[in-house]
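Chains, contacts and geometry: an overview
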Amino acid sequence: MVYIHSWQEYQDAAEALYAKSPNKARYCVKWNSTQGKLVLKITDDTSCIKFKTYSSIFLNRFEVLNQSLMQRMQNKRREEPPGPAQKSQRPESERASPMPGATPTTALAAPGPVGSGVAKKKKPKKKK
């Protein structure tokens, strides 16, 4: 097991290790809350690469690495949200309804309040 001290080296090595053997690669995340320690490990049974940090600065980078590896593991590409130029140019009446047999006006109408933002408080348990 090799601890890599540079984040960029670890990210490149982890992605290369997964690309080399995607069927055997395993990715493990360990968080120790008492010490505030994050340990990342990726292995393919022949080589093992680890990264350890106590700094919260790496959390954003860790999230990006997780998303990258999960997309590769699911064999999906990142979907870009449709921008104003990519929206459909068809009028509202020609678009397919999300529910079969529904008209566009009934498909958009929502019955009752949707997510009023106020959650009910639970009643406390009775003491014996």
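Residues numbered from 1 in each chain as written. Predicted model: local features only at pLDDT ≥ 70, side-chain atom pairs only at ≥ 80, totals over all residues. Heavy atoms only, no water.

Some remarks on the overall build of the protein
To keep things clear, this is the line we draw: Secondary structure elements are taken from DSSP: a helix is a run of H or I of four residues or more, a strand is a run of E of two residues or more, and numbering for both begins at the N terminus. For every residue, the accessible area (1.4 Å probe, protein chains only) is compared with the maximum for its type, and the residue is labelled buried under 20%, exposed over 50%, or partly exposed between those bounds. Here a residue-residue contact requires only that any non-hydrogen atoms of the pair lie within 4.5 Å. Only the protein chains shown count as covering a residue, and every accessible area follows the Shrake-Rupley method with a 1.4 Å probe.
Looking only at helices and strands, the protein has three helices and four strands in total. Ordered by position in the sequence, the α and β elements of the protein form the string β-α-β-β-β-α-α. Residues counted as buried form 23% of the 128 residues belonging to the protein. Of all intrachain contacts in the protein linking residues separated by at least 6 positions in sequence, the fraction that spans at least 24 positions is 47%. Carbon and sulfur atoms form 54% of the exposed surface of the protein, whose accessible area is close to 10900 Å².

Quick look at the nonpolar core
Under the convention used in this document: Among buried residues, those of type Ala, Val, Leu, Ile, Met, Phe, Trp, Tyr and Cys that are joined through side-chain atoms within 4.5 Å constitute a nonpolar core.
Formed by 17 residues in total, the largest nonpolar core has its most connected members in W7, Y10, Y27, L40 and I42. No other element matches helix α1 (residues 7-20), which puts five residues into this core. Leave out the neighbours within four places in its chain, and W7 touches L40, F51, F58, R61, F62 and L65.

Here we look at unusual backbone geometry
One non-glycine residue, D45, lies in the positive phi region at around 75 degrees. For D45, a relative accessible area of 52% gives the class exposed.

Let's talk about the pairing of strand β2 (residues 26-32)
To keep it simple, the criterion reads: Whether two strands pair depends on DSSP finding at least two bridges between them.
Here β2 pairs with strand β3 (residues 37-43) via seven bridges, running antiparallel. Each residue of the ladder has a partner; that of V29, found in β3, is L40. Linkage of β2 to β3, two consecutive antiparallel strands, is achieved through a turn of four residues, within which G36 is found at a positive phi near 70 degrees.

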